[in-house]
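Coordinate analysis (summary)
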Amino acid sequence: MNRNKFLIVMVILFLIFLSSGQFFTVYTDLLWFQAIRYSSVFWTMLFAKFYILSIFAAVFLVLFWINIYIARFIKPNRLNWKIPIRKQDAIHIMEFEPRQVNRFIVFFSILLALFMGLWPAMAKWESFLKFFFQVPFGKTDPIFGKDIGFFVFSYPILSFIQKWLFYAVAACLLTSGFIYLKDQAIHLKLGDFRFARRAKAHLSSLCAILLILIAWDKRLKMFGLLYSPRGAAFGASYTDMHAQMVAYWAMLVIAAACAILFWLNISSRGWKLPLIGVGVMLIVSILISGLYPSVIQRFIVIPNELTKETPYIKNNILYTLIAYNLDSIEEKDFEASETLTMEDINNNSATVKNIKIWDKRPLKQTYAQMQELRPYYKFTGIDEDRYCIDGQYTQVMLSGRELIQEQLPEEAKTWENQQFKYTHGYGLCMSPVNHVTEKGLPSLIIRDIPPLFPNSLEVVRPQIYYGENTSNYVIVNNKSGEFDYPKGDKNVYTDYTGYGGVPIGSLLAKTLFSFRFSDPKIFLTGYTKPDSRIMFHRSIRERVRTVAPFLTFDRDPYLVLGDGRLFWIQDAYTTTDKYPYSEPYRLPPESEDASTPTTPFGIMKSQASFMSRRINYIRNSVKIVIDAYNGSMDFYLSDHQDPIISTYSRIFPDLFKKMDEMPDYLLSHIRYPRDLFNIQTRMYATYHMHDPQVFYNKEDLWEAPVKISGQGETLEYNRLMDPYYVTLQLENKEKEEFLIMLPFTPYGEKKNNMIAWMCARCDSEEYGKLLVYKFPKEKLIYGPRQIEARIDQQTEISSELTLWSQRGSEVFRGELLVIPIEKSIIYIEPVYLMASQDELPELKRVIVAFGDTVEMRQTLDEALKAVFLKNKGKSVNEKRDASKMTGASALPSLPETGSLPELIRQANDLYNEAVRYQRSGDWTKYGEKLENLRSVLQRMSKLTSEKDL
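Attention in this report is confined to the structure presented alongside it. (Residues numbered from 1 in each chain as written. Predicted model: local features only at pLDDT ≥ 70, side-chain atom pairs only at ≥ 80, totals over all residues. Heavy atoms only, no water.)

Quick look at the overall build of the chain now. Regarding its fold elements, the chain presents 27 helices and 40 strands. Taken over 949 residues, the chain has a buried fraction of 53%. Put simply, of all contacts in the chain between residues at least 6 apart along the chain, 68% involve residues at least 24 apart. Within the structure as shown, the chain displays about 43600 Å² of accessible surface, and the carbon and sulfur contribution to it stands at 56%. (Helix = DSSP H or I, 4+ residues; strand = E, 2+ residues; numbered from the N terminus. Buried < 20%, exposed > 50% of the residue type's maximum accessible area, 1.4 Å probe, protein only. Contact = heavy atoms within 4.5 Å. Areas by Shrake-Rupley, 256 points an atom, 1.4 Å probe, with all protein chains shown as cover.)

Taken together, the three strands give an open sheet; going across it, the order is E12-E16-E15, and neighbouring strands pair in antiparallel fashion. Each of the sheet's edge strands pairs with one partner strand only, and the pair in question is strand E12 (474-476) and strand E15 (502-503). Relative to strand E16 (residues 533-535), E15 runs antiparallel, the two being bridged by two bridges. Each bridged residue has a counterpart across the sheet, and for Pro503 the counterpart in E16 is Arg533. (Pairing = 2+ DSSP bridges.)

With that settled, consider the nonpolar core. One finds Phe635, Trp757, Ile826 and Tyr827 to be the most contacted residues of the largest nonpolar core, which totals 257 residues. A per-element tally of this core places helix H6 (residues 148-182) first, with 17 residues. In this view, Tyr827 contacts Met754, Ile781, Tyr782, Ile787, Leu816, Leu817, Val818, Ile847, Val848 and Ala849; residues no more than four positions away in its chain are not counted. Of all hydrophobic cores here, the second largest spans ten residues; its members include Leu408, Ala412, Tyr426 and Tyr485. (Core = buried A, V, L, I, M, F, W, Y, C linked by side-chain atoms within 4.5 Å.)

All right, on to the side chain of Ser289 then. Structurally, the position occupied by Ser289 is in helix H9 (residues 272-301). Judged by its relative accessible area of 18%, Ser289 is buried. In terms of polar contacts, Ser289 uses its side chain to reach the side chain of Gln244, at 3.5 Å. Contacts of Ser289, omitting those with residues within four sequence positions, involve Gln244, Ala247, Tyr248 and Val284. (Polar contact = N/O pair within 3.5 Å; in protein donor to acceptor, adjacent residues only side chain to side chain.)

Our next topic: the packing of aromatic side chains. Scanning all chains against the criterion turns up 68 aromatic pairs. With 4.4 Å between their ring centres and 25° between their planes, Tyr473 and Phe517 make a pair best called stacked. Remark: Phe517 occurs in the loop between helix H15 (507-516) and helix H16 (521-524) and Tyr473 occurs in the loop between strand E11 (463-464) and E12; sequence separation between them is 44 residues. Given the relative accessible area of 10%, Tyr473 is considered buried. Looking at Phe517, the relative accessible area reads 25%, which means it is partly exposed. An angle of 35° between the planes, with centres 5.1 Å apart, marks the rings of Phe850 and Phe868 as tilted. (Phe/Tyr/Trp six-rings, centres within 6.5 Å; stacked < 30°, edge-to-face > 60°.)

What follows covers the packing of helix H5 (residues 125-132) against helix H18 (residues 643-651). At a minimum axis separation of 9 Å, H5 and H18 run at an interaxial angle of 95°. On the basis of their axis angle, the class for H5 and H18 is roughly perpendicular. Within the contact between the two elements, H5 uses Glu126, Leu129 and Lys130 and H18 uses Thr647, Tyr648 and Ile651. Of the residues that constitute the contact of H5 with H18, the class distribution is three nonpolar, one polar and two charged. (Axes fitted to C-alpha atoms, helices over the stretch in contact; angles between N-to-C directions. Parallel < 35°, antiparallel > 145°, perpendicular 65-115°, else oblique. Nonpolar A, V, L, I, M, F, W, Y, C, P; charged D, E, K, R; others polar.)

Compared with an ideal rise of 1.5 Å per residue, which puts 26 residues at 38 Å, helix H4 (residues 98-123) spans 37 Å between its outermost C-alpha atoms and is within 8% of the ideal. Within the sequence span of H4, burial applies to Val101, Asn102, Ile105, Ser109, Leu112, Ala113, Met116, Gly117, Pro120 and Ala121. (Expected span 1.5 Å × (residues − 1).)

Our next topic: the packing of helix H10 (residues 305-323) against helix H20 (residues 674-687). Where H10 meets H20, the axes come as close as 11 Å, and the angle between the chain directions of the two elements is 155°. Considering the angle they form, H10 stands roughly antiparallel to H20. The interaxial crossing formed by H10 with H20 has left-handed handedness. Across from Asn316, Ile317, Thr320 and Leu321 in H10, the residues of H20 making contact are Met683, Tyr684 and Tyr687. Looking at the contact of H10 with H20 residue by residue, the classes come out as five nonpolar, two polar and no charged. (Left-handed = near helix turned anticlockwise from the far one by under 90°.)

So, about the pairing of strand E13 (residues 482-487). Taking burial as the measure, the six residues of E13 include five buried ones, the bulk of the element. In this sheet, strand E14 (residues 490-494) lies alongside E13 in antiparallel orientation, the contact comprising five bridges. Bridge assignment links Lys487 to a residue of E14, and that residue is Lys490. Hairpin connection, E13 to E14: the antiparallel pair is bridged by two residues, and Gly488 has positive phi, about 65°.

Under the definition given, this model contains zero disulfides. With no disulfide of its own, Cys759 lies closest to Cys762 among cysteine sulfurs, the gap being 9.0 Å. (Disulfide = S-S within 2.5 Å.)

For Gly526, the position within the fold is in the loop between H16 and E16. Expressed as a C-alpha distance, the spacing of Gly526 and Lys479, which sit 47 residues apart in the sequence, is 8.1 Å.

Pasting the structure below:
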């Protein structure tokens, strides 16, 4: 009979599982994993969750039933339970027989066990796998001498098990106490406070176990001191080690002593002794754990903070540099020579030819106007890369033409069109970063539909079935025919010939996917064929997260053309927030929404997506290549020295490939990811200070320069400059290479001079090497904001820009780029013009600055010649002396004599410049301009008086 009841319960649970839709989600996910050849990953994640759920649920069930058996079935005093229930403003007593009570307890225990099993299965399955397959870091922490792997892999699991056991024992204690109370083994009436002997022994034992778990918690919290934010730097501080550690040890000993008192209480009368112990523990907790560390911090540490905290600051600096992979960075001096000549420019033609004068924002708008061609096509983002074009190393910008079904005309948004016809995007646009047509538009080397391309860049497979904006499912190789691309007044159709997607030709498959997507039309349609395939998880972000939810993903997957086909490369990171002593960094939120991936055993949001969360360790350990036509994914290990990815490789041995297995036509396009470099530059802006005293006083803080870009009244003045890709020939290197770089300025609004620049090398031979070039501290090197100010001061430039704006056009100023050439620095800023009634930005001018010279011309070559021919034979130092430089900017040269019309022109220019600085809030420059204006007006007055005489 009991067996039949069990079978009935299992059938009911299975039917609930089917009706909830989870069965169809899990099973179709299995089909998807099989189609992409990663079924082993699916089964590993599924079985990990199943085993963890089963083990924890079973352990809890055993623990719970043992306590229930002791409380209810040993020497039973089974009374009817009376439960008061309010009905219609009256209290009624419901009475339950012992058999009914027992059934309820069994049901409640199973429900509670499922919850206690699901908690670790869904939240900690990955942590448990890392715990069992962990790889040592080979480095130890400075306080406990344990391998870093203990803190990254073991400590989180030990903390979770402690918490889980505490809640499990607490549940047993409360349930057992309630049973004893209802069975009248406990009397809690006023004046009648009694416990049956077995109840007292049972509950005392459970209280003792809880106190042992509290003692264990204090021991674990000692390790947690390595993440303390209390001191002068992140990590264990003087107060933590000399006060908080003592407090934890005291609490551990007292909790263990209280546990012994509860066990001794089994054979004694009353509860006086253990309750006194608990009271003492609470008082000591307040005094020692709370008050004592505060007293030490205030009266011992703060008056001598630098002396006390120096060894702990050293730990923070060292371990932060290691955690962010900055410990092997190479620092060099950069002369910032002021003798750069036109000959030097010509000798660095590879660099000059790859200077980026196309800003992403106007270029994307230009691509959209010139090449989207139909309303349902869209260029999602602009990517940067380098290709060998006609034998030349060329930095380019490119974007894939994706099909957005939401942009179809309303009458075309039928189910057939969205699921069968409009299934893919088509082709791409590509243009060199500094080529411009006579009309100020980008020179497209890949364009149009079907794509036109040079001989060195063949496009064989232009279809994009998997991209950044392909979020819905489609069914390919169908009877309806897929729209391929428009051709005049007609459309060209195609049939999918790849292996992407899951076969859906059978009746069973159609049934499964009808339930998964809650769409019966999939089952009923007659457009499918025996070899039709359904594609889902088509978004790049969703796709990679579904396979590897344990990785953190870069926000910008980029498009690559290789071997005639289109691929996406997605950078992935291993991260943790448990690296000892390392300063945390808060990741920015995702720039674009991504669908919630489905994973085996239900829906689970990727815990490692690039959301707003804290980390204190990061490595770019994986490069993921996604075929835009077939959707196949290859996970390449790019950092074999990372213990976290080595651990994942042991967990998922069939998932990762070695980097040398990547084809050459893709290997040549890997690049250092911008998100990682941005994090590293932000951290290095502080952690380049290796001396504890300098670090403590924050004497040499850096930051990214403030950038000025945009158009009209929407100019952005207060955003920090982002890292950017450049092609440079570094010092003592034989050829140019692809880099990502960022300049630094001193921290603070009043210091805008440039102090250093940092770069990461992207080409495969030297991939990942970080370099920092420091400028001489005794020399003034203009920062981007100072160069922007000098551009604004140029009357010819500002008047021309103002004139364009007054003619009904919008002037867009691109981001200013700092370009190192030889041992010098030049500055480049493009200027775009867009008619008010048009949305096609045109590159109209390029501004080049070097030293004190700023010139704006129609092309980059013309601007460079204007700057360096003007500087020929004259050093920048001489020019500065001539212009009487003071501080960070030069006062304009004011002639002692001059004609009245000349002085009137000067006065007008100075007045306009003063008004500009007043509007921008630069009161120092505003005062300088007013002072110069006063001087000019005095000369005008003097000249007028002389003429009157």
